[in-house]
Amino acid sequence: MAGADNRPVAGVALAEVRRRFPHAEDATPFTPPFGPGSETPAAMHRRAGAALEGVLGLPGERLLVVAHGGILNAAIRNIVGAPPPSGGAGLWFSFGDTGFTTVQYHANHSWRVLSVNDQRHPE
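Residues numbered from 1 in each chain as written. Predicted model: local features only at pLDDT ≥ 70, side-chain atom pairs only at ≥ 80, totals over all residues. Heavy atoms only, no water.

S.K.: Explain the overall build of the protein chain here, please?
M.R.: Check the secondary structure of the protein chain and you find 3 helices and 2 strands. Mapped in sequence order, the helices and strands of the protein chain form the string α-α-α-β-β. Buried positions account for 23% of the 123 residues belonging to the protein chain. Put simply, of all contacts in the protein chain between residues at least 6 apart along the chain, 44% involve residues at least 24 apart. (Helix = DSSP H or I, 4+ residues; strand = E, 2+ residues; numbered from the N terminus. Buried < 20%, exposed > 50% of the residue type's maximum accessible area, 1.4 Å probe, protein only. Contact = heavy atoms within 4.5 Å.)

Next comes the structure, spelled out in structure tokens:
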């Protein structure tokens, strides 16, 4: 499943992204964070939910999912029932460049977060 166009921030350091695109206080989950055409937090949240649904339909007891931190954050927010962020507020996990977390799904639709690494994300 392809993501939205992220050209305004592709390859740009996090500090520079924050300088160029500060969080608007009146932003909602439906506000494109990097200008017109960028994926809204709500859209990413829906895309992550659809991806989780697809992963749960795969065979196997152990699966490795590799993705960028934004979509992994959206997936974990889906898992814990947290809404998409808005205006810079919300639930975030700092995955860093090689971060990971381990979750376990049970058929009764319960989840366990087994581990979240202690990797520091550059500010």
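S.K.: Hey, could you run me through helix 2 (residues 41-56) in this one?
M.R.: Quick reminder: α-helices carry 3.6 residues per turn. Residues three or four places apart thus point the same way. Compared with the 22 Å implied by 1.5 Å per residue over 16 residues, the 22 Å span of helix 2 between its first and last C-alpha is a close match. Every buried residue belonging to helix 2 is among Pro41, Ala42, Met44, His45, Arg47, Ala48 and Leu52, and all of these are buried. The elements touched by buried residues of helix 2 are helix 3 (69-80) and strand 2 (110-116). (Expected span 1.5 Å × (residues − 1).)

S.K.: I tried to follow the pairing of strand 2 on my own but got confused; where do I start?
M.R.: Looking down a regular strand, the side chains alternate between one sheet face and the other. Judged from the 6 bridges that link them, strand 1 (residues 101-106) and strand 2 form a sheet pairing that is antiparallel. Following the sheet pairing, Tyr105 is matched in strand 2 by Trp111. What sits between strand 1 and strand 2 in their antiparallel hairpin is a turn of 3 residues, with His109 showing a positive phi close to 60°. (Pairing = 2+ DSSP bridges.)

S.K.: How should I be thinking about the pattern of salt bridges in this particular structure?
M.R.: Note that side chains of opposite charge can pair when their charged atoms are close. Under the definition given, this model contains 3 salt bridges. The residue Glu16 makes a salt bridge to Arg19 at a minimum N-O spacing of 2.7 Å. Of the two residues, Glu16 and Arg19 are both situated in helix 1 (residues 14-20); the distance of 3 residues between them amounts to about one turn of the helix. Its relative accessible area of 24% is what places Glu16 among the partly exposed residues. (Salt bridge = Lys/Arg side-chain N within 4 Å of Asp/Glu carboxyl O.)

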